[in-house]
Amino acid sequence: MEDSTPSTVNLQPSTIWDALASVPDPEIPVVSITDMGMVRDVTVGDAGRVTVTFTPTFSGCPALHVIRESIEQAVRDLGVTDVEVRSTLTPPWTTDWINDDARERLRQYGIAPPAPTGEGQLIQLDAEPTRCPRCGSLNVRMTASFGPTLCKRMYVCDTCREPFEGFKSV
Amino acid sequence: MTTTPSISGTELTDPQTQALLLKLTVLADDEIILAHRDGEWTGHAPILEEDIALANIAQDELGHAGLYLSLAQTLGGSDPDRVAFWRGPDDYRNTRLVELPKGDWAFTMVRQFLYDTAEALWLEAATRSTYAPLAEVAAKAVREEKFHVQHTALWVERLALGTPESERRTQAALTELWPHAAQLFQPVEGEAELTAADILPDLNAVHARWTDLVTRHLVDKCGLTLPDAPTTQPGRDTHTEHLAPLLEEMQSVARQHPDAEVW
């Protein structure tokens, strides 16, 4: 997207990005929607119209409406009246976009961060290796391949005996 | 059901648009009906983790239906909620495979395995569609479908190689479901033209890949026996007696509250 200078509102895209960085993921509140790489584009039009483009994590994610409304509200809180929130599927969201700082916060929260996705193996029968977020051991077992939300699965660590959630690599 | 596919430069002719609308409806119908059958296990699955897993899978399939129907809407189709909740059994175009009652756990897992492998392979091929909005939808959905395949492949293996009882039930499920699974590869009217234009995947090629994949798993790995598939069978407009009561239940809330704006 080209860089457009707002004529009526003195608002830079970076200010909007900063505001969106404080919008939590509704299902994992220790990370924000920008940490997760869900916000793909922010533009400020000539008339001060702000357009935010985001991409869903999972197509059936029930939090999409909440995220959409939270984005709109965060931009309105900056004094913007004309806000458009768009969604896009391209490129499809990948856990590779979750930034390093957010991965560390996920780990401290008790969720194993996702492993690199390894593009080109879309249909694989074996799951990726996962490390216990508490003790760091790779001696873990998946106890359920689906978890409390679409983006996670359940594990137990055979070294420290802790059950934990792990992010799917998508 | 809100994600809007991006606008593409690909121009479709009117017959192509009509055929694609039908194909998208057919795909969504299979997802919706199977999701409902999976949802019937909520609170009833053998263990809590599987209860949650099937609910997750159902949620993904509904998400895919939402993608297909949103794309159909941009091509001139109806509102996705109208399509899902206001068509009766005469208008649904799902396969009989997905409408059969949920049966036992082996039946549910074998059906889901046959369906998930077919869906994953079709989607993988559809990522190369020359119609960009469809390629985008497929690229999104195939990433989710791989988790279904991993899960159901493992369950079928566990059941087939488990006890004599679990093996008997798994083989019985496969014997009943196998002829119906072939219906997933029946083209819709006008599909050949879309395939020729590389808008839709070549269904015969996907069918061949699917047969190879499931044969390796079911026969070579799990020791199950594949029955013969019927050479001819009725189309997607022919349903069993099981679809009408399913729709009656699934659509009851929407039909009781036709003006509801918030669920």
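Model, not experiment: these values are computed from the prediction. (Residues numbered from 1 in each chain as written. Chains lettered and ligands numbered in written order. Predicted model: local features only at pLDDT ≥ 70, side-chain atom pairs only at ≥ 80, totals over all residues. Heavy atoms only, no water.)

Next up on the list: the overall build of chain B. Scanning chain B from terminus to terminus reveals 11 helices and 0 strands. Moving toward the C terminus, one meets the helices and strands of chain B in the order α-α-α-α-α-α-α-α-α-α-α. In terms of C-alpha radius of gyration, chain B reaches 18 Å, essentially the compact-globule figure of 18 Å for 263 residues. Taken along its principal axes, the extent of the C-alpha atoms in chain B is 55 × 45 × 30 Å. Split into buried and exposed, the 263 residues of chain B put 55% on the buried side. Carbon and sulfur atoms form 53% of the exposed surface of chain B, whose accessible area is close to 11000 Å². (Helix = DSSP H or I, 4+ residues; strand = E, 2+ residues; numbered from the N terminus. Rg over C-alpha atoms; globule rule 2.2 N^0.38 Å. Buried < 20%, exposed > 50% of the residue type's maximum accessible area, 1.4 Å probe, protein only. Areas by Shrake-Rupley, 256 points an atom, 1.4 Å probe, with all protein chains shown as cover.)

This next bit is on the interface of chain B and chain A. With 30 residues of chain B at the contact, the number on the chain A side is 34 residues. Interface area, chain B with chain A, both sides summed: about 2900 Å², of which 60% is carbon and sulfur. In this structure, the connection of chain B to chain A is made through 9 residue pairs in polar contact (both at pLDDT 80 or more). Those elements that place two or more of their residues in the side of chain B that touches chain A are helix H2 (48-74), helix H5 (105-126) and helix H6 (132-160) of chain B. A total of 14 residues in the side of chain B that touches chain A trace back to one element, the largest contributor, which is H6 of chain B. (Contact = heavy atoms within 4.5 Å. Buried area = accessible area lost by both parts, 1.4 Å probe. Polar contact = N/O pair within 3.5 Å; in protein donor to acceptor, adjacent residues only side chain to side chain.)

Moving on: the packing of aromatic side chains. For the coordinates displayed, the defined rule picks out 5 aromatic pairs over all chains. Ring centres of Tyr-155 of chain A and Phe-164 of chain A lie 5.2 Å apart, and the angle between their planes is 10 degrees; this geometry places the pair in the stacked category. Under the relative-accessibility criterion, Tyr-155 of chain A is labelled buried at 3%. Phe-164 of chain A gets classed as buried once you look at its relative accessible area, which sits at 2%. Aromatic side chains Trp-178 of chain B and Trp-210 of chain B sit 5.3 Å apart centroid to centroid with 15 degrees between the ring planes, which places their arrangement in the stacked category. With Trp-178 of chain B in helix H7 (residues 164-181) and Trp-210 of chain B in helix H9 (residues 203-221), this pair connects stretches of sequence that are 32 residues apart. Joined through ring pairs, the aromatic side chains of Trp-41, Trp-105 and Trp-155 of chain B make up one cluster. Note that Arg-87 of chain B overlies the ring of Tyr-92 of chain B, its terminal NZ or CZ placed 4.2 Å from the centroid. (Phe/Tyr/Trp six-rings, centres within 6.5 Å; stacked < 30°, edge-to-face > 60°. Lys NZ or Arg CZ within 6 Å of the ring centre and 35° of its normal.)

For the rest of this paragraph, the subject is the UniProt feature "domain: MIP18 family-like" (unreviewed entry) in chain A. Taking the numbering used here, the UniProt-annotated feature "domain: MIP18 family-like" (unreviewed entry) corresponds to residues 15-85 of chain A. Within the segment residues 15-85 of chain A, helix and strand shares are 27% and 20% respectively, and the terminal C-alpha atoms sit 16 Å apart. (UniProt positions renumbered as here; feature names shortened; annotations may be inferred.)

All right, on to the sheet that holds strand E2 (residues 50-54) of chain A then. All names here are of chain A. In spatial order, the strands read E1-E2-E3; together these 3 strands make up an open sheet with mixed pairing. Edge strands, defined here as strands with exactly one partner in the open sheet, are strand E1 (39-44) and strand E3 (83-87). Across this sheet, the average inter-strand angle for adjacent strands is 15 degrees, counted without regard to direction. As paired elements, E2 and E3 share 5 bridges and run parallel to each other. Opposite Val-50, over in E3, you have Val-83 as the bridge partner. Contacts from helix H1 (residues 13-20) reach E1 and E2 within the one sheet, and its direction differs from that of E1 by about 140 degrees. (Pairing = 2+ DSSP bridges. Axes fitted to C-alpha atoms, helices over the stretch in contact; angles between N-to-C directions.)

On to the state of the cysteines, then. Per the counting criterion, the structure on display carries 0 disulfides over all chains. Free cysteine Cys-151 of chain A: the closest other cysteine sulfur is in Cys-61 of chain A, separated by 7.2 Å. (Disulfide = S-S within 2.5 Å.)

Attention now goes to the packing of H2 of chain B against H5 of chain B. Residue and element names in this part refer to chain B. Contact pair H2 / H5: the axes reach a minimum separation of 13 Å and the direction vectors enclose 35 degrees. Our pair here, H2 against H5, has a crossing hand that is left-handed. Across the interface between the two elements, Glu-50, Leu-54, Ile-57, Glu-61, His-64 and Tyr-68 from H2 touch Trp-105, Thr-108, Met-109, Gln-112, Tyr-115, Asp-116, Glu-119, Trp-122 and Leu-123 from H5. Taken together, the residues that form the contact of H2 with H5 break down as 8 nonpolar, 3 polar and 4 charged. (Left-handed = near helix turned anticlockwise from the far one by under 90°. Nonpolar A, V, L, I, M, F, W, Y, C, P; charged D, E, K, R; others polar.)

With the rule as written, the count across this model stands at 21 salt bridges over all chains. Arg-209 of chain B serves as the salt-bridge partner of Glu-124 of chain B, at 3.0 Å between the closest nitrogen and oxygen. Of this pair, Glu-124 of chain B sits in helix H5 while Arg-209 of chain B is found in helix H9, placing the two residues 85 residues apart along the sequence. Given the relative accessible area of 18%, Glu-124 of chain B is considered buried. The class for Arg-209 of chain B is partly exposed, based on a relative accessible area of 43%. Ionic contacts of the salt-bridge type, sharing partners, join the residues Arg-49, Asp-82, Glu-84 and Arg-86 of chain A into one network. (Salt bridge = Lys/Arg side-chain N within 4 Å of Asp/Glu carboxyl O.)

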